[in-house]
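Here is how the chains run, residue by residue.
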Amino acid sequence: MRADRILASAVLVGALAASACTSFFEVSIETPIRPKLDVSAFSRVFVAGFVAAGTEDVDANLETVRLLRSQLRAKGLLRVIDADVLPLTEVAAEQRKGETPPDGTPPPADLPEQITTEQDLELYEPVFANTDYWKKVGEEFQGPLIVTGTVMFTPHSRSGYVQREQEVYDSFGRRRVQPVRTYMERQGFILRPKFVFIDGRTGATLYTETFREEVLYSAQQTTPALSSYFELMDRLIPAFLTTLSSQKIKGSRVLLK
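Basis of the calculations
Throughout this document, residue positions are counted from 1 along each chain, in the order its sequence is written. A pLDDT threshold of at least 70 governs which residues receive local features in this predicted model, and a stricter bar of 80 or more applies before side-chain atom pairs are shown or counted, although totals over entire chains, interfaces and linings include all residues. With hydrogens and water excluded, all non-hydrogen atoms of the structure serve as input to the side-chain values. For the purposes of this section, nonpolar cores are sets of buried Ala, Val, Leu, Ile, Met, Phe, Trp, Tyr and Cys residues that join through side-chain atoms within 4.5 Å. Here the term buried applies to any residue with accessible area under 20% of the maximum for its type, exposed to any over 50%, and partly exposed to those in between, with areas from a 1.4 Å probe on protein chains only. In DSSP terms, a helix is any run of H or I states spanning at least four residues, a strand is any run of E spanning at least two, and both are numbered starting from the N terminus. Here, residues are in contact when the closest pair of their heavy atoms is within 4.5 Å. The term salt bridge refers to a pairing of a side-chain nitrogen on Lys or Arg with a carboxyl oxygen on Asp or Glu at a separation within 4 Å.

**So, the nonpolar core**
No. 1: Within the largest apolar cluster, 34 residues are counted, with the highest numbers of intra-cluster contacts made by L68, L145 and F240.
No. 2: Looking at this core, the elements that each hand over two or more residues are β2 (44–54), α2 (60–75), β4 (145–169), β5 (175–199), β7 (213–218) and α6 (225–244).
No. 3: Per-element accounting of this core gives the leading share, nine residues, to α6.
No. 4: Apart from residues no more than four positions distant in its own chain, L145 is found in contact with L37, V39, F42, R44, V45, F46, L78, F197, I198, L206 and L244.
No. 5: Counting residues in each nonpolar core, the second largest holds 24 residues, with L88, Y124, W134 and I146 among its members.

Pasting the structure below:
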């Protein structure tokens, strides 16, 4: 009986509290996200260039350099160095030829001139570990933070069932929306950049991060490759900037009054 009285009292208190909360109000909040890389030691940033692969319809190297420089300049975190894009494919090829294998080991094969696959890109990646080269680049530009890496932008297609919403009307003219599954052939692009952040004072790699974005359109829709590239880059630019500077995510909470 005592337990029943306690339970009844608790229910009564809860009911009174609920009846007192007759209004709601929304509060805006901001959640800070700390940067992944401490760049306080740098005053300048040099987006040096990228080893690009994929479709020839877009020069992913130059477009990525231009876009990142523009975004970093707008952010105002570091002074952006305007200089010629480095010929990294040529640098990697020269480095490959200069490798001296052990006795009896065949010399390394030449790098592929047409970079079309991720396996081709991997053959070029040793250039980012060449600390002597990057230190020399850094000395030319007063020891900046260097941003480089690889960019793969390739066509992509996929077929299968897609769920979409369709408007239907009943015999009384009332409208409702119902999901339907339709078989579709879609075409689009995949963007897969790998950003490598290098200390221009030492030539050492500080941080690397890889992203992947994909977009698909109906087979009847014609979208230029460059438009798709910018659409995909728009998705990952915030994550790229989060690497270098703190960001704030805006949201809201509903409170009872």
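**So, the pattern of salt bridges**
No. 1: In this structure the tally under the stated criterion is nine salt bridges.
No. 2: Notably, a salt bridge pairs R66 with E63, separated by 3.5 Å at the nearest N-O pair. You can see R66 and its partner E63 sitting in helix α2, three residues apart, about one turn around the helix.
No. 3: By relative accessible area, R66 is classed as exposed at 52%.
No. 4: One network of salt bridges, with partners in common, ties together E213, E231 and R235.

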